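Listed below are the residues making up each chain.
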Amino acid sequence: MTAGTPAPAASGTDVHRDGSPLPWRLRPGVAVTPLRNGLHLRGRRGSVTLEGSAALPRLWQLLEEPLRTGRLTGPLRQAEPGTALREAVDTVVGQLLEHDLLVAEPAGPAAGWLAASAKRPPTAAAALAATRVEVVSGAPAGRPPHDPLGTAAPPPAPDGLAGAAGRALRRGGVAVAYAVDPALPDGPVLLRTAGGDGPPRAVAAGVHGGLGFVTAPGSPEQAAADARALSARLSAGTGASAAPHPRGAAALPRSVTAPASGPLPASFVPLLAAAAAQRLLCAAGGLPDPADEGDDHRLLPGLPAVLVAGARPPRAEYRSWLGPDRIDPDRRTPLEPAGSLAEALERVAALGAEHIGTGPAPVPGALRQLPVPLASCDLPDGAVRTPRSETVVAGAPRLDLARLEAFCRAAELGLAGADPTVRYAVGANPGHAWGRALRRAAGPGAPGPASGPLPETVWRGHPQARHWWATLTERLGVRARVEVIRLDRDREAYRAVVLADTGRPHPDPGQVPGAGLGWAVEATPGDAAAFAALAATAAVSAARQGATGTDPCAPGGSAAPSAVAGARPAPWEDNRWTTGWLTEVAAREAALRGTLRTLTGLHDRGPLPAAPEGREFAALLRAFGFTVLAVGGDRR
């Protein structure tokens, strides 16, 4: 038989000196598939394939019932030590133990659940038996809270969410009491442990309209703060009258739609209460949190996850989320900067998650993706707006780059304050943020060299510049010209600006005064002309679709290192291909940033935004691993 590393002989079939077997049994839910010469067993906590003998399926017929019921004594008495049968039984049982498919059977009302879920069910059962849980509700208007001195009768077992949570907790084997806390908003309930080892743990759950939530386990103070923040956000999203937004919470993304109206299904509240009870029981019993048991790439490692449930249609999923009040130490540990573009976009998606999102959500929406990929992003609450629009539209060589560009620019506008000497730059990592900030500092309006534009021949040979220039002038029919200047005669840094043909007014909206139709700052004249022509193409394409933005997004090479991280271009992918081109741009990015620092004198001033909403938004971005710079001191 082969099944990975062999287990020590007789490791699972030794018996006590009194002749009774060790209390091993097959975990509930383990499924078995017979093979031609073996078996495949899989359960919640592991799997194993045993191969090598056509007798294995027959042997399993003898072992399955004793293993599922915990009565292995009979087969052991039939298999004398030293025989081939005993060796086969020892090997099978040892492999099951090694792959966590056997478990010591616990006692108590939740024995089946613990046997399927816990690493050591008896230990978890003992922890739950020593735990008492309080189900705490807010005090409705006109009803006083429970007398803390005990002079009044304790509140009866409530109905609704609190009552359903209490019943679910009792089925999990813990003692339950009910209490009232006027500090909680009316609606959500708080489940908190009392007694047992370790500090108290808590989760909160609430229902608003057709939506419900269950917070991540934490301290009672953290769970209560999360409940207040989520209740305000979901109440605002469902159109119900509710308390104001929690401190520092951004407005709901305008792309989010309220859930369908109507009565809740009878099963919705009990299922939500059971989910809350399960999360608390797992925290109290030392079991993995249910949010960590799946394989959802949308969840960000290191951040808490809130369960968001919808009643119509029935749906529940975990989402990474941080509230405005981060009390527990694990809520105050920021993520490391994103190492790749895909990782950065996962964080963008988490920040803009439907119903609970606290950041802008960049989407392609109804924008046509030809001739250039486009993404639009609503501005967060408190952003500087113009009468023209409340969105940012960005274009890029690829849609993923356009989404990141739109998000970063919308976030920067959301942080913009009254001080005109401070400009904010947001990036997926420090290099990306500095690349964006330095390019803007050296962009249109910045001092340039005394010499005039370079001849067209210096950039015409660049394949990407030719492509985007032809797209702009031939496919879109725009009359324009490109001016490329060298920013310093001793350094490799170039600024390109696409201008409307001075012989004829440009018929399309979207032209930015001082910036032309598009601009770029890059390390070579070809790269600068290519990105400038791409920016102009994006601006014209968006304008012709009626999607003019509040601020021009100049797609540049600042995100190229993240875009090509881990990528292996094929040998033929030179700069005629997007990946090959971005790889070349990424290789020049660090040197370009150094040059632009010298030319602009830009530095990080470090102040937080003046408005409380801006400070909280900056803190949230940093918690998700984004870099937020407040730059100033440039030579513009």
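Structure shown above.
Residues numbered from 1 in each chain as written. Predicted model: local features only at pLDDT ≥ 70, side-chain atom pairs only at ≥ 80, totals over all residues. Heavy atoms only, no water.

1. Regarding the sheet that holds strand 2 (residues 31-35)
Phase 1: Strand order across the open sheet formed by three strands is 2-3-4, with antiparallel pairing between neighbours. The sheet terminates laterally at strand 2 and strand 4 (47-51), the two strands that pair on one side only. Put simply, the sheet's adjacent strands are angled 10° from each other on average, direction ignored.
Phase 2: Bridging between strand 3 (residues 38-42) and strand 4 involves five bridges; their strand directions are antiparallel. Bridging across to strand 4, Gly38 finds its partner in Glu51. (Pairing = 2+ DSSP bridges. Helix = DSSP H or I, 4+ residues; strand = E, 2+ residues; numbered from the N terminus. Axes fitted to C-alpha atoms, helices over the stretch in contact; angles between N-to-C directions.)

2. Topic: helix 5 (residues 121-129)
Three- or four-residue spacings in an α-helix give side chains the same orientation, since the helix completes a turn every 3.6 residues.
Phase 1: Residues Pro121, Ala124, Ala125 and Leu128 constitute the buried set of helix 5. The arc that holds the buried residues of helix 5, viewed along the axis, is 100°, so those residues lie on one side.
Phase 2: Those residues of helix 5 that are buried lie in contact with strand 5 (102-104), helix 4 (111-117) and helix 8 (268-285). (Buried < 20%, exposed > 50% of the residue type's maximum accessible area, 1.4 Å probe, protein only. Arc of directions from axis to C-beta. Contact = heavy atoms within 4.5 Å.)

3. Quick look at the packing of helix 11 (residues 430-441) against helix 16 (residues 578-600)
Phase 1: Here helix 11 crosses helix 16 at 45°, and the two axes come no closer than 10 Å. In terms of orientation, helix 11 and helix 16 fall into the oblique class. Crossing hand, helix 11 versus helix 16: left-handed. Judged by residue contacts, Gly431, Trp434, Gly435, Leu438, Arg439 and Ala441 of helix 11 engage Glu589, Leu592, Arg593, Leu596, Arg597 and Thr600 from helix 16.
Phase 2: Residue composition of the contact of helix 11 with helix 16, grouped by class: five nonpolar, three polar and four charged. (Parallel < 35°, antiparallel > 145°, perpendicular 65-115°, else oblique. Left-handed = near helix turned anticlockwise from the far one by under 90°. Nonpolar A, V, L, I, M, F, W, Y, C, P; charged D, E, K, R; others polar.)

4. A short note on unusual backbone geometry
Phase 1: For the bond from Arg312 to Pro313, the omega torsion is -5°, close enough to zero to count as cis.
Phase 2: Note on placement: Pro313 falls in the loop between strand 11 (305-310) and strand 12 (315-320).
Phase 3: With an omega of 10°, the peptide bond running from Leu370 to Pro371 counts as cis.
Phase 4: In this structure, His355 is a non-glycine residue whose phi angle is positive, near 75°.

5. A word on the sheet that holds strand 20 (residues 627-632)
Phase 1: The strand order 15-20-19 describes an open sheet built from three strands, whose pairing is antiparallel. Looking at which strands have only one partner, the edges of the open sheet turn out to be strand 15 (423-427) and strand 19 (603-604).
Phase 2: Note: strand 19 against strand 20, two bridges, orientation antiparallel. Among the inter-strand pairings, Asp604 is bridged to a residue of strand 20, identified as Val631.
Phase 3: The sheet strands contacting helix 10 (residues 399-415) are strand 15 and strand 20, and the helix crosses strand 15 at an angle near 145°.
Phase 4: Relative to the sheet, helix 11 contacts strand 15, strand 19 and strand 20, its axis offset from that of strand 15 by approximately 140°.

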